[in-house]
Amino acid sequence: MALFGAARQARRDDKELGKGIWRRTHDRFCRGLDRYHQVLEGVQDEELYGELLVIADELAALLPRVRAYCMAAHELYPSDGMDIPGGNLAAVHRCLSKAGNSLAAAAQAAAMIRLDPGHSDAPSSGSASVENVRRRADIVIEDVADAQRYLETR
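Each value, and the rule that gives it
Residues numbered from 1 in each chain as written. Predicted model: local features only at pLDDT ≥ 70, side-chain atom pairs only at ≥ 80, totals over all residues. Heavy atoms only, no water. Helix = DSSP H or I, 4+ residues; strand = E, 2+ residues; numbered from the N terminus. Polar contact = N/O pair within 3.5 Å; in protein donor to acceptor, adjacent residues only side chain to side chain. Contact = heavy atoms within 4.5 Å. Axes fitted to C-alpha atoms, helices over the stretch in contact; angles between N-to-C directions. Parallel < 35°, antiparallel > 145°, perpendicular 65-115°, else oblique. Nonpolar A, V, L, I, M, F, W, Y, C, P; charged D, E, K, R; others polar. Core = buried A, V, L, I, M, F, W, Y, C linked by side-chain atoms within 4.5 Å. Buried < 20%, exposed > 50% of the residue type's maximum accessible area, 1.4 Å probe, protein only. Salt bridge = Lys/Arg side-chain N within 4 Å of Asp/Glu carboxyl O.

Caption draft 1: Main features of the side chain of Ser97. When you line up the elements, Ser97 lands in helix H5 (residues 87-115). Among the polar contacts listed, one links the side chain of Ser97 to the side chain of Arg28, at a separation of 2.8 Å. Not counting residues up to four positions away in its chain, the partners in contact with Ser97 are Thr25 and Arg28.

Caption draft 2: Representation of the side chain of His74 within the structure. Among the structural elements, His74 can be located in helix H4 (residues 63-76). Within polar-contact distance, the side chain of His74 engages the backbone oxygen of Leu17 at 3.5 Å. Residues in contact with His74, not counting those within four places in the same chain, are Lys15, Glu16, Leu17, Gly18, Trp22 and Ser79.

Caption draft 3: Summary view of the packing of helix H2 (residues 21-41) against H4. Where H2 contacts H4, the axes come no closer than 9 Å and their chain directions differ by 170°. Here H4 runs roughly antiparallel to H2, going by the angle between their axes. Contact residues: Trp22, Thr25, His26, Phe29, Cys30 and Leu33 in H2; Leu63, Val66, Arg67, Cys70, Ala73 and His74 in H4. Its residues assigned to classes, the contact of H2 with H4 shows eight nonpolar, three polar and one charged.

Caption draft 4: Representation of the nonpolar core within the structure. With 38 residues, the main nonpolar core has Phe29, Tyr36, Leu52, Leu59 and Val133 as its most contacted residues. Sorting the residues of this core by element identifies H2, helix H3 (46-60), H4, H5 and helix H6 (123-152) as the ones contributing at least two each. Of all the elements, H5 adds the most residues to this core, at 12 residues. When sequence neighbours within four positions are dropped, the list of residues in contact with Tyr36 reads Leu52, Ile55, Ala56, Leu59, Ala106, Ala107, Ala110 and Val133.

Caption draft 5: View of the pattern of salt bridges. On inspection of all chains with the given rule, the structure shows eight salt bridges. The salt bridge partner of Glu16 is Arg67, with a shortest N-O separation of 2.5 Å. Within this pair, whereas Glu16 is found in helix H1 (residues 2-17), its partner Arg67 is found in helix H4, the two being separated by 51 residues in sequence. Note on Glu16: relative accessible area 25%, which makes it partly exposed. Note on Arg67: relative accessible area 16%, which makes it buried. The salt bridge involving Asp146 is made with Arg149; its shortest N-O contact spans 2.0 Å. Of the two residues, Asp146 and Arg149 both sit in helix H6, three residues apart, roughly one turn of that helix. Judged by its relative accessible area of 22%, Asp146 is partly exposed. Residues joined in a network through salt bridges with shared partners are Asp13, Glu16 and Arg67.

Caption draft 6: Molecular detail of the environment of Arg8. Topologically, Arg8 is positioned in helix H1. Among the residues examined, Arg8 registers a relative accessible area of 45% and is labelled partly exposed. Distance from Arg8 to Arg154, taken between C-alpha atoms, is 32 Å for residues 146 residues apart in sequence.

Caption draft 7: How the structure looks around the environment of Trp22. Positionally, Trp22 belongs in helix H2. Residues Trp22 and Arg149, 127 residues apart in the sequence, show an inter-C-alpha distance of 17 Å. For Trp22, the residues in contact, after removing those within four places along its chain, are Leu17, Cys70, Ala73, His74, Tyr77, Ser79, Pro85, Leu89, Val92 and His93.

Laid out in structure tokens, this is it:
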């Protein structure tokens, strides 16, 4: 059953996002989000898990917006290739692409906390690391908001 659901979703994605630049931009964001959640699953410390979960929820809440912006951009500039459009849509692509990369960096920062052997012995070092993840997540939130502004001023 899951196989058919995945096939339907792929067809829906092809229709709504195309097979080009906007689909890849959306998929990059999804992969970063998936990676962050994979890292989160491996966190053993309950307090650290709780702090990272709040950030994960904020990042996951951005996915519908990212999808909507990619769909709107695809309507304006349908793409089956890798050509980046000009004007404000280039800025939209840049912001969303940067958001996907920053999301991957946030996942990497979360993974580094999990692998830090001193975290369980020194909570303060973990807090500083969580702040690093928070800063990266804030960049993602900012980039998605910037994409919205550029899309609205097209």
